[in-house]
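# Report on the structure
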Amino acid sequence: MTDRRFTPSAWLLPAASLLVSVLLWQALAASRLHLGVVTFANVPSPVEVLRAGWDLLQSPKLLFHLGHSLVRVFAGFAAAALLGIGLGLLVGRARWARSTLLPPLEVLRPIPAVAWIPLSVLVFPSSEVSMIFITFIGALFPILLATIHGVDSVDERLIASARSLGARRWQLFGEVIVPGAAPAIITGLAIGMGTCWFCLVTAEMISGQFGIGYYTWESYTLQNYANIVVGMLLIGLLGMGSSALIRFAGRRAMPWQRGGA
Amino acid sequence: MNAPLHALQAQTGRVALSSVSIRVGSGADAFTAVQEVDLDIAPGEFVCLLGPSGCGKSTLLGALAGHLQPAQGRILLDGAAINGPSPERGLVFQHHTLLPWRSVIDNVAFGLKMRGQPRAARHAAARALLELVGLGGFETRYPAQLSGGMQQRVEIARVLLGQPRVLLMDEPFGALDALTRLKMQQLLLDVWDRFGTTVVFVTHDIDEALFLADRIVVMSPRPGRIIEDIRLPFARPRDASLSTSADFNTLKRHLLALLHHDADAAPLPRLSPLGAVRPHELQFAI
């Protein structure tokens with residue numbers, strides 16, 4: 001498997017596909033194609049985007065916006081991870097928690113995080129906190145549900161064996177249930193990280209003053225069309241990077257899965 | 001190191017079941033898996049519970065382990081009622097239940113960790129048992145990196161470290177290939193010889209029961225009842241040549257007849273020592 005990564009066909013085709021996509025974009029933007037339903041008249045070309053990206057890279061604005069967004073994502077995600085994993089373990093294991101905590105959560109779950117924006121602006125006087133709250137809501141449910149699912153899927157026989165070997169309630173939790181649910185929790189965290197960025201960008205566009213989502217929207221209102229795409233690409237990059245970071249941390253924390261079946 | 005242990009354990013490990021019935025499942029799906037079982041097992045005895053699939057022999061084992069409660073009757077170990085699972089009644093399943101996230105040595109030492117023993121002491125004890133089951137040198141592997149036979153050997157070592165009075169085994173070699181199974185049976189007899197622990201061994205394999213046991217208890221299909229209790233006349237130590245002896249084959253024919261007296265009935269699904277599989281009340285999708 002490691003060998004295949006270095007054969008030409010494994011990277012040549014994807015690279016060629018990417019290149020063709022960029023060229024197509026360049027052609028559409030340069031020709032200012034107008035098809036009635038969709039028009040490329042105002043779409044910046046890759047070259048313009050590259051130039052705008054380069055400019056942003058050298059201006060202090062980049063770090064400023066990125067910093068704000070990262071702090072919000074980190075705060076919202078950390079809160080969602082703490083609460084989601086904690087509640088998930090509780091609901092997954094304790095019958096009373098399942099029957100008391102789950103019903104209200106089930107009612108809230110189908111509400112998209114974006115629909116929380118108006119209410120959260122009303123509830124939290126600080127727009128900063130309201131944006132973090134939206135990010136938190138977005139990540140909470142994927143993490144919560146993945147944790148419940150992970151706890152449910154722990155092999156009953158492992159639990160029985162551990163009890164036969166003398167594990168008590170809390171030991172069972174730390175030794176069997178949490179590690180058994182860990183792969184599902186990591187998946188939930190990676191999905192939650194994705195929704196975190198999605199929600200943050202939306203919240204920043206609506207009520208933000210700084211941040212990468214705000215930057216993207218501001219570029220639109222200021223008619224810096226190339227910067228819109230720069231913002232979009234940055235958001236994609238950050239989302240991808242942070243999800244990859246979680247999966248990497250997951251693999252490091254679960255070495256038994258590497259050699260595993 | 002095992003001589004005093006052996007002497008000590010010869011005194012313990014007496015199992016007494018009196019009119020034990022066990023019901024499995026809940027609501028409309030509940031059924032009587034084990035009915036009115038009376039059984040006395042002497043300390044150090046090797047008893048095989050033999051019966052067709054789904055006859056309740058694993059259910060009985062689950063009750064001995066403390067994972068299931070009898071609906072009626074009493075189960076005593078050395079005169080004391082069984083109350084929940086405990087290391088003194090070690091349970092081995094058909095498929096290993098080693099923790100995938102723990103190395104071999106940490107799996108074996110798990111019971112001692114639960115009792116708060118320091119790492120060095122529990123690793124030393126675990127290492128000695130791994131040597132005993134022929135797995136010295138595999139301490140740092142993860143369970144997924146071992147073969148099925150090795151996984152079961154680790155499992156046996158782990159259970160033995162709790163110094164059980166009874167070893168409860170639920171078709172522990174049922175998933176292994178024929179050759180590995182023979183080796184494991186020999187290994188188990190060697191280990192049993194050293195520790196002198198009472199063994200209750202569930203199987204539906206007649207040859208296995210004849211090779212291993214002091215005594216074979218045959219159970220009927222559901223609801224499981226004892227229909228025969230045979231004390232085997234074979235001397236120990238035993239080896240593979242036993243299976244070609246005339247006595248062996250006479251008994252084998254007898255047991256085959258017992259197990260096949262209603263061969264036309266549809267086979268029942270395998271039961272688990274943990275009772276009915278618990279359906280999850282809630283299902284979601286993300």
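A quick note: this is a predicted structure, and the numbers were derived from the prediction, not measured.

### Remarks on the overall build of chain A
What chain A contains, in helices and strands, is ten helices and zero strands. Secondary structure elements of chain A, listed N to C terminal, follow the sequence α-α-α-α-α-α-α-α-α-α. Seen through its C-alpha atoms, chain A measures out along the principal axes to roughly 70 × 55 × 40 Å. Across the 261 residues that make up chain A, the buried fraction comes to 42%. Relative to all contacts within chain A whose residues are 6 or more apart in sequence, the contacts with residues 24 or more apart total 67%. Of the roughly 14,400 Å² of accessible surface on chain A, 71% is carried by carbon and sulfur atoms. Where the 18 positive side-chain charges of chain A centre and where its 11 negative ones centre are 7 Å apart.

### Overview of the UniProt feature "domain: ABC transporter" (unreviewed entry) in chain B
UniProt's entry tags residues 15–246 of chain B with the feature "domain: ABC transporter" (unreviewed entry), counted in the numbering of this structure. Taken end to end, residues 15–246 of chain B has its terminal C-alpha atoms 32 Å apart, with 31% of it in helix and 26% in strand.

### Here's the deal with the interface of chain A and chain B
The interface of chain A with chain B comprises 31 residues on the first partner and 33 residues on the second. Carbon and sulfur atoms supply 62% of the area buried between chain A and chain B, which totals about 3,000 Å² over both sides. Of all residues in chain A, Arg157, Leu165 and Glu175 of chain A give up the largest surface area on contact with chain B, accounting jointly for 24% of the area buried on that side. At the boundary of chain A with chain B, the tally comes to two salt bridges. Summed over the shared surface of chain A and chain B, the number is nine residue pairs in polar contact (both at pLDDT 80 or more). Residue contributions to the side of chain A that touches chain B peak at eight residues, all from helix α7 (residues 156–164) of chain A. Taken together, the residues that form the side of chain A that touches chain B break down as 15 nonpolar, seven polar and nine charged.

### Description of the environment of Gly111 of chain B
Residue and element names in this part refer to chain B. By the secondary structure assignment, Gly111 is in helix α4 (residues 110–114). A relative accessible area of 6% means that Gly111 is categorised as buried. Along the backbone, Gly111 and Leu161 are 50 residues apart, and their C-alpha atoms lie at a distance of 7.3 Å.

Thresholds applied
- Residues numbered from 1 in each chain as written.
- Chains lettered and ligands numbered in written order.
- Predicted model: local features only at pLDDT ≥ 70, side-chain atom pairs only at ≥ 80, totals over all residues.
- Heavy atoms only, no water.
- Helix = DSSP H or I, 4+ residues; strand = E, 2+ residues; numbered from the N terminus.
- Buried < 20%, exposed > 50% of the residue type's maximum accessible area, 1.4 Å probe, protein only.
- Contact = heavy atoms within 4.5 Å.
- Areas by Shrake-Rupley, 256 points an atom, 1.4 Å probe, with all protein chains shown as cover.
- Lys, Arg positive; Asp, Glu negative; His and termini not counted.
- Charge placed at Lys NZ, Arg CZ, Asp CG, Glu CD.
- UniProt positions renumbered as here; feature names shortened; annotations may be inferred.
- Buried area = accessible area lost by both parts, 1.4 Å probe.
- Salt bridge = Lys/Arg side-chain N within 4 Å of Asp/Glu carboxyl O.
- Polar contact = N/O pair within 3.5 Å; in protein donor to acceptor, adjacent residues only side chain to side chain.
- Nonpolar A, V, L, I, M, F, W, Y, C, P; charged D, E, K, R; others polar.

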